[in-house]
Amino acid sequence: MSHFGVISTFLFVLLSFSTCSALYFHIGETERKCFIEEIPDETTVIVNYKVELYDPKSGGFMPSSPGIGMHVEVKDPDDKLVLSRVYSSEGRLSFTSHTHGEHVICLYSNSTKWFSGTQLRVHLDIQVGEHAIDYANVAQKDKLSDLQLRVRQLLDQVDQISKEQNYQRYREERFRMTSESTNSRVLWWSIIQTVILLVMGAWQTHHLKSFFEAKKLV
């Protein structure tokens, strides 16, 4: 097999480790929808979205009017605001994580533009890591050949997998520390319960002994 074939095969295997999720949801005028995305540090995230407006006449959703938009907020695991901005009814936004962990992405409407009771359908596509890179633009900008572009993709994917593995190790370490802390607390609670039972048993034995001795004296 040629070097090009080996690289292509390896690249296809690595694609399975990439992170990309697409969904849609309905949102009311005063509602706020939040999503938790686990992101490694120093990772680019791109969110593509499109808002559709419910049409009571047809019973379906149609492209929304220009006045309807979405306010997007992104917070990192330390609850620090990474992004806060009002966007139009369709577009894309991007941010780069500086801390690994659970990032909260929240969306809500600019409700002052709405009619009462309007419902929206929001299509959301979250791309993390190398999926967030526009390789067509990279190839054109850097004048890369097909092989050079595939090597670039491969290197980006290896880097992303390394970041994800580091994050998984971090999560495992936190889980281990939590488990050890829980086990330690359970052990100490068991010891305390045993000591309390022994003290109560000794007190009851002493009390009964005193009671029977008093009976004999009488």
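So, how was this worked out
Residues numbered from 1 in each chain as written. Predicted model: local features only at pLDDT ≥ 70, side-chain atom pairs only at ≥ 80, totals over all residues. Heavy atoms only, no water. UniProt positions renumbered as here; feature names shortened; annotations may be inferred. Disulfide = S-S within 2.5 Å. Helix = DSSP H or I, 4+ residues; strand = E, 2+ residues; numbered from the N terminus. Buried < 20%, exposed > 50% of the residue type's maximum accessible area, 1.4 Å probe, protein only. Pairing = 2+ DSSP bridges. Salt bridge = Lys/Arg side-chain N within 4 Å of Asp/Glu carboxyl O. Polar contact = N/O pair within 3.5 Å; in protein donor to acceptor, adjacent residues only side chain to side chain. Contact = heavy atoms within 4.5 Å. Phe/Tyr/Trp six-rings, centres within 6.5 Å; stacked < 30°, edge-to-face > 60°.

Per an unreviewed UniProt entry, the protein is named GOLD domain-containing protein, and its organism is Megalurothrips usitatus. Listed in UniProt under the heading Subcellular location (unreviewed entry), the comment for the protein reads: "Membrane". Per UniProt, the protein has the following entry under Sequence similarities (unreviewed entry): "Belongs to the EMP24/GP25L family."

Asker: What am I meant to see in the state of the cysteines here?
Answerer: Between two cysteines, a covalent bond joining their sulfur atoms is known as a disulfide. Here the structure, examined in full by the defined rule, presents 1 disulfide. Two residues share a disulfide in this structure: Cys-34 and Cys-106, whose sulfurs sit 2.0 Å from each other. On the sign convention where negative means left-handed, the S-S torsion of about 110° between Cys-34 and Cys-106 marks this disulfide as right-handed. Residue Cys-34 is found in strand 2 (residues 32-39), and its partner Cys-106 is found in strand 8 (residues 101-109); the two are separated by 72 residues along the sequence. Given the relative accessible area of 42%, Cys-34 is considered partly exposed.

Asker: Sorry, what's going on with the pairing of strand 4 (residues 60-63) here?
Answerer: Side-chain positions along a regular strand alternate between the two faces of the sheet. Relative to strand 4, strand 3 (residues 44-55) runs antiparallel, the two being bridged by 4 bridges. Note on strand 4: the bridge partner recorded for Leu-53 is Met-62. Counting the residues between successive antiparallel strands, the hairpin from strand 3 to strand 4 contains 4 residues, one of them, Gly-59, with a positive phi of roughly 75°.

Asker: Explain the pattern of salt bridges to me, please; I cannot follow it from the model alone.
Answerer: Side-chain pairing between opposite charges can occur once the charged atoms of the two side chains come close. On inspection of all chains with the given rule, the structure shows 4 salt bridges. A salt bridge links Glu-173 to Arg-176, with the shortest nitrogen-to-oxygen separation between them at 2.5 Å. Pair noted here: Glu-173 and Arg-176 are both in helix 3 (residues 146-217), with a separation of 3 residues, about one helical turn. Under the relative-accessibility criterion, Arg-176 is labelled partly exposed at 37%. The salt bridge involving Arg-176 is made with Glu-180; its shortest N-O contact spans 2.6 Å. Placement of both Arg-176 and Glu-180 in helix 3 is noted, with a separation of 4 residues, approximately one turn of the helix. Several salt bridges converge on common partners, so that one network encompasses Glu-173, Arg-176 and Glu-180.

Asker: Just to check I follow, could you spell out the side chain of Glu-73 for this structure?
Answerer: Position of Glu-73 among the secondary structure elements: in strand 5 (residues 70-75). Overall, the relative accessible area of 14% leaves Glu-73 in the buried class. One polar contact links Glu-73 to Tyr-108, side chain to side chain, over a distance of 3.4 Å. Those residues within four positions of Glu-73 in sequence are excluded, and the remaining contacts are Arg-32, Leu-81, Leu-83, Ser-84, Val-104, Ile-105, Cys-106 and Tyr-108.

Asker: In this structure, what is going on with the packing of aromatic side chains? I would like to understand it.
Answerer: Working definition: an aromatic ring pair is given by the centre-to-centre distance plus the angle between the planes. Counting across every chain of the model gives 2 aromatic pairs. Aromatic pair Phe-25 and Phe-35: ring centres 5.2 Å apart, planes at 50°, arrangement tilted. With Phe-25 in strand 1 (residues 19-27) and Phe-35 in strand 2, this pair connects stretches of sequence that are 10 residues apart. Of the residues examined, Phe-25 reaches a relative accessible area of 9% and is grouped as buried. The interplanar angle of 75° and the centroid separation of 6.2 Å between the aromatic rings of Tyr-49 and Tyr-87 together place this pair among those described as edge-to-face.

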